[in-house]
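Close look at the chain arrangement
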Amino acid sequence: MTSRKTVLVLGGSSDIGRATARAFAKAGYDVGLAGRDVAALEPDAADLRARYNVEVSLAKFDVLDTASFEGFVSSLPALPDVVISIVGLLGVQVNAESDLAHATTIMRSNYEGPSLILGLFAEKFLARGNGTIVGVSSVAGDRGRASNYVYGSAKAGFSAFLSGLRARAGRGGVHVVTVKPGFVRTKMTEGMKLIGPLTVDAPVVGDAILNAVEKKTDVVYVSGKWRLVMLIIKTLPEAVFKKLKF
Amino acid sequence: MTLVSGWGRFPVVDSDVLRLRSFEAVGVAVVTGSVARGNGRAYGDAAIGAVRTIGMTGFDRVRSFDPATGRIRLEAGVLLSDLIDTFGPRGFLPFVVPGTRFVSIGGAIAADVHGKNHHCEGGFGRYVDSILLRTGQGETIEASREQNSDAFFATVGGMGLTGIILEATMRLRPAETGWIRERVISASDLDAAMRALDAGDAATYSVAWIDCAARGRDLGRSLIYLGEHAGKDELAEGAVAFPAGKNRGLAVPIDLPAMTLNRTSIRAFNGLYYRMGARRAGGDHVVSLYPYFFPLDSIADWNRIYGRRGFLQHQCVIPEPGARAVLGEILDRVARRGDASFLAVLKKLGQGDGILSFPLPGYTLALDFPVKGDILNFLDEIDRLVVAAGGRLYLAKDARQSRAIFEAGYPALSRFNAIRKSLDPAGNIRSKLSQRLLDEV
């Protein structure tokens, strides 16, 4: 074991997960990557070792398999200093409107799973008396919109969970960060029409998360412009808002 | 289909652009008429598939690194900027960097890019030991100087036409610091500039910036930048060994109106630049590697400065003897036109390594022109001067040379074609550039 700080990234094979792992490894953290397909994480583990000369470990983690969560946490060789949940599923809104199974998967992937696993880590961190928890939520959770309210409502629930957890855990020395990335060019958004000036690349999100952890920020809008955009969207009167199609 | 162009934003053409994430997907994606694209910094049509363009920047992993030897294995989509930011602070830099760091490893191999050290240290391909290539007929082979050597030498400088470069093994240069000891020399005309470059042969890095608005007695007046890697003992007290690379402080947010660059503004800019540089001439200064190697990278999207219609970069190399006369003639014609660019660069090259590599021993001149008026005819005439003197044009910059000029400039073409055919008998790998210059019609 080294005396370096450790970070565990849940959803390590996503573009934001990979970028976040690189940002922390570059800053000298040893890294744990967790995802559904451990073999698929091997090339990223090799990449982090080669680039930054840090220790990297892999673990299997499935956000829908909530029954496995307690076993997952207790089987980790050591409790990390920082745990980051990047898991999520955009899904297809139009399908989710009539397909209950799809809607359920979106809700569980974005709210139930991430909240439960971070909640478990929070208890362990509180028992230890320190630690940082990061949840990657979404600006979509700030107000339910016609075009993606199934995803948005799950992210809203996750944001609310993180907000409450932060208020409770802060007193016990555990910090909670909520990250709202806005548009990011990733696998998830490939093929979507993104608005250029509001869109960032995954490494920008990784750096923002590292920065928020080190500075103990509470809520991060990766691009400051989104804070303004969402403020406007949140303040629109419902009578006006419901006429908008976006 | 998507409209796509190179860095010069000319031509803009249709191609089906896919960004891939797994090597298995590459196998599925290659259809007849495909070529790989890295970060899109080739100026013309080299990285645009005839039918399909295979985006490689998702392949950005380092496979292994040995700090004892500097040997690194990486995926082809890793950018040089990433390599410098990651390994610079650990004391290693690429041996060869072109004028922008925002190029992929695969692109740098395919264009066998050169840097300010080509005259003494060779091009990018010289430091590549081995390439993992998916050939046009679908085989995945490891090509090196010893194994599949024909494929290796055709792939270095082969403009992506031998197949999809997936990974490469290369060597990095141990570098104590990220600083360069720079010396600026002012040269009052072309003869003085060429003499200064000749005198700079012993320098690791040398390049001349030419004021291409200067005419008559001042024709070819230049600033010559020589450089050496600075050791730790040369740094100012308290300076960090590896400076931070500012990623894009400035940006050109919109296409500037075409008239922003006109005869008067270009003359004024060039004149001012020359006088400011001449004032610094003489002693040595230690500068960060970023402004030294990549002066334009600090302005994001600088290609928009030439307006919506795009621009052409014309880069030729002319062997000795006769280089002086042809360079003088080209510069004179350019100065008379008055729309030549901010950036005219002159430097010496050595021998290229790949069969289709651009460099040959001589002088290379790079000029930018906005796409307007009779520029295409003007450049056709320049091309004839170049090949008549035994020179040729750089494919990574080219968007418009004719097949006849290309064939005259690259005498090893038939050997390249034979190797390409053996790797891809059905002709699956085709770019807009290969359709224009190489493919059987």
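Residues numbered from 1 in each chain as written. Chains lettered and ligands numbered in written order. Predicted model: local features only at pLDDT ≥ 70, side-chain atom pairs only at ≥ 80, totals over all residues.

1. Observations regarding the overall build of chain A
Filter applied, for reference: Put simply, DSSP H or I for four residues or longer makes a helix, DSSP E for two residues or longer makes a strand, and each gets a number counted from the N terminus. Our radius of gyration is a C-alpha quantity, and the globule rule it is checked against amounts to 2.2 Å times the number of residues to the power 0.38. Three exposure classes are used, all based on how many other C-beta atoms lie within 10 Å of a residue's own C-beta (placed from the backbone): buried at 20 or more, exposed at 12 or fewer, and partly exposed between those limits. This entry defines residue contacts through backbone-placed C-beta atoms, with two residues in contact when those atoms are within 7 Å.
The helix and strand inventory of chain A stands at nine helices and nine strands. Computed over its C-alpha atoms, the radius of gyration of chain A comes to 18 Å, within 12% of the 18 Å expected for a compact globule of 246 residues. Considering only C-alpha atoms, chain A reaches an extent of 60 × 35 × 35 Å along its principal axes. Looking at chain A as a whole, 43% of its 246 residues are labelled buried. Partitioning the contacts of chain A with sequence separation of at least 6, the portion at a separation of at least 24 is 68%.

2. Quick notes on the sheet that holds strand β3 (residues 34-37) of chain B
Residue and element names in this part refer to chain B. Just so we agree on the cut-off: One requirement defines pairing of two strands: DSSP has to find at least two bridges between them. Axis geometry follows a simple rule: fit a line to the C-alpha atoms, using only the stretch in contact for helices, then measure angles between N-to-C directions, giving values from 0 to 180 degrees.
Read from one edge of the open sheet, four strands run β1-β2-β4-β3, paired in mixed fashion. Edge strands, defined here as strands with exactly one partner in the open sheet, are β1 (2-4) and β3. Adjacent strand axes in the sheet meet at a mean angle of 50°, parallel and antiparallel pairs treated alike. Note: strand β2 (residues 13-19) against strand β4 (residues 52-55), four bridges, orientation parallel.

3. Some remarks on unusual backbone geometry
The amide bond that connects F10 of chain B to the next residue, P11 of chain B, takes the cis arrangement and shows omega of -5°. With respect to the element layout, P11 of chain B can be found in the loop between β1 and β2. With omega at -15°, the peptide bond leading from E320 of chain B into P321 of chain B counts as cis. Among the secondary structure elements, P321 of chain B is positioned in the loop between β17 (311-319) and α9 (323-337). In this structure, K216 of chain A is a non-glycine residue whose phi angle is positive, near 55°.

4. Observations regarding the interface of chain B and chain A
Selection criterion: Any residue that is not Ala, Val, Leu, Ile, Met, Phe, Trp, Tyr, Cys, Pro, Asp, Glu, Lys or Arg is counted as polar, Gly included; the first ten are nonpolar and the last four charged.
In this complex, chain B contributes eight residues to the contact, which on the side of chain A involves eight residues. Top contributing element to the side of chain B that touches chain A by residue count: strand β5 (residues 62-66) of chain B, with four residues. Grouping the constituent residues of the side of chain B that touches chain A by class yields two nonpolar, two polar and four charged.

5. Re the pairing of strand β6 (residues 71-75) of chain B
Residue and element names in this part refer to chain B. Note that β5 and β6 share four bridges and pair antiparallel. Looking across to β6, one finds that F65 is bridged to I72. Where β5 folds back onto β6 in an antiparallel hairpin, the turn is made up of four residues, including G70, whose phi is positive at roughly 75°. Judged from the five bridges that link them, β6 and strand β10 (residues 163-174) form a sheet pairing that is antiparallel. In the strand pairing of β10, E75 is matched with E167.

6. Let's talk about the environment of L349 of chain B
All names here are of chain B. Residue position: L349 is located in strand β18 (residues 344-349). Here L349 falls in the buried class, since 21 other C-beta atoms lie within 10 Å of it. Linking L349 and H119, residues 230 residues apart in sequence, is a C-alpha distance of 4.5 Å. The residues contacting L349, other than those within four sequence positions of it, are H114, H118, H119, V317, P359, L360, P361, G362 and T364.

7. Regarding the packing of helix α1 (residues 15-26) of chain A against helix α7 (residues 202-215) of chain A
All names here are of chain A. Which entries qualify depends on this criterion: Here roughly perpendicular refers to angles of 65 to 115 degrees, roughly parallel to angles under 35, roughly antiparallel to angles over 145, and oblique to all remaining angles. Left-handed is the label given to a crossing in which the near helix is rotated counterclockwise from the far helix by less than a right angle, and right-handed is the label when the rotation is clockwise.
Where α1 contacts α7, the two axes come as close as 8 Å, and the packing angle between them is 50°. Comparing the axis directions of α1 and α7 gives the class oblique. α7 is crossed by α1, and the crossing has right-handed handedness. Only A202, P203, V205, G206, D207, I209 and L210 of α7 make contact with α1, whose side of the interface consists of D15, I16, A19, T20, R22, A23 and F24. Tallied by class, the residues present in the contact of α1 with α7 amount to nine nonpolar, two polar and three charged.

8. Thoughts on the sheet that holds strand β5 (residues 131-136) of chain A
Residues and elements named next belong to chain A. In space, the seven strands of this open sheet follow the order β3-β2-β1-β4-β5-β6-β9, with parallel pairing throughout. Lying at the two open borders of the sheet, with one neighbouring strand each, are β3 (56-60) and β9 (219-221). Adjacent strand axes in the sheet meet at a mean angle of 15° when their direction is disregarded. Note: strand β1 (residues 6-10) against strand β2 (residues 30-35), five bridges, orientation parallel. What sits directly across from L10, in β2, is A34. Packing against the sheet, helix α5 (residues 100-128) makes contact with β1, β4 (82-85), β5 and β6 (174-180), and its axis sits at approximately 170° to β5. Sitting on the sheet, α7 is in contact with β4, β5, β6 and β9, with an inclination near 150° to β6.

9. Description of the packing of α5 of chain A against helix α6 (residues 149-169) of chain A
All names here are of chain A. Where α5 contacts α6, the axes come no closer than 8 Å and their chain directions differ by 10°. Our classification of the angle between α5 and α6 gives roughly parallel. Across the interface between the two elements, A103, I106, M107, N110, Y111, P114, S115, G119, A122 and L126 of α5 pack against V150, Y151, A154, K155, G157, F158, F161, L165 and A169 of α6. Its residues assigned to classes, the contact of α5 with α6 comprises 14 nonpolar, four polar and one charged.

10. As for the domain arrangement of chain B
Residues and elements named next belong to chain B. Note the following rule: Boundaries between domains were set according to an automatic or database domain assignment.
Domain annotation of chain B identifies domain 1 (62-176) and domain 2 (179-402). When each unit is reduced to the centre of its C-alpha atoms, the spacing between domain 1 and domain 2 is 24 Å. Contacts between the two partners involve 30 residues from domain 1, matched on the other side by 29 residues from domain 2. Sorting the residues of the side of domain 1 that touches domain 2 by element identifies α2 (80-87), α4 (118-121) and α5 (149-155) as the ones contributing at least two each. When residues of the side of domain 1 that touches domain 2 are assigned to their parent elements, the largest contribution, three residues, is made by α4. A class-by-class count of the residues in the side of domain 1 that touches domain 2 yields 12 nonpolar, 12 polar and six charged.

11. What to know about the nonpolar core
Put simply, the rule is: Note on terminology: a nonpolar core is a set of buried residues of type Ala, Val, Leu, Ile, Met, Phe, Trp, Tyr or Cys, with members joined through C-beta atoms within 7 Å.
I109 and I165 of chain B are the most contacted members of the largest nonpolar core, which has 134 residues in total. Of all the elements, α9 of chain B adds the most residues to this core, at seven residues. Two domains each provide a minimum of three residues to this core, namely domain 1 (62-176) and domain 2 (179-402) of chain B. Discounting chain neighbours no more than four positions away, the residues touching I109 of chain B are F124, G125, V128, I131, T155, V156, I165 and A168 of chain B. Listed in part, the 63 residues of the second largest apolar core include Y29, V63, F125 and I209 of chain A.

12. So, α2 of chain B
In terms of burial, α2 of chain B is largely enclosed, as seven of its eight residues are buried. Elements in contact with the buried residues of α2 of chain B: α2 (38-52) of chain A together with β7 (92-94), α3 (105-110) and β10 of chain B.

13. Concerning α9 of chain B
Residue and element names in this part refer to chain B. This is how it is decided: In a helix, the anticipated span is given by 1.5 Å times the number of residues less one. Here the arc refers to the directions that run from the helix axis out to each C-beta atom.
With 15 residues, α9 ought to run about 21 Å at 1.5 Å a step, and its terminal C-alpha atoms sit 21 Å apart, in line with that. Those residues of α9 that fall on the buried side of the exposure criterion are A323, V326, L327, I330, L331, V334 and A335. For α9, the angular spread of the buried residues around the axis is 165°, confining them to a single face. Turned more than 90 degrees away from the buried face of α9, the exposed residues are A325 and R336. Buried residues along α9 sit against α6 (190-199), β17, β19 (362-370) and α10 (375-388). Two residues or fewer after α9 comes G338, characterised by a positive phi angle close to 85°.

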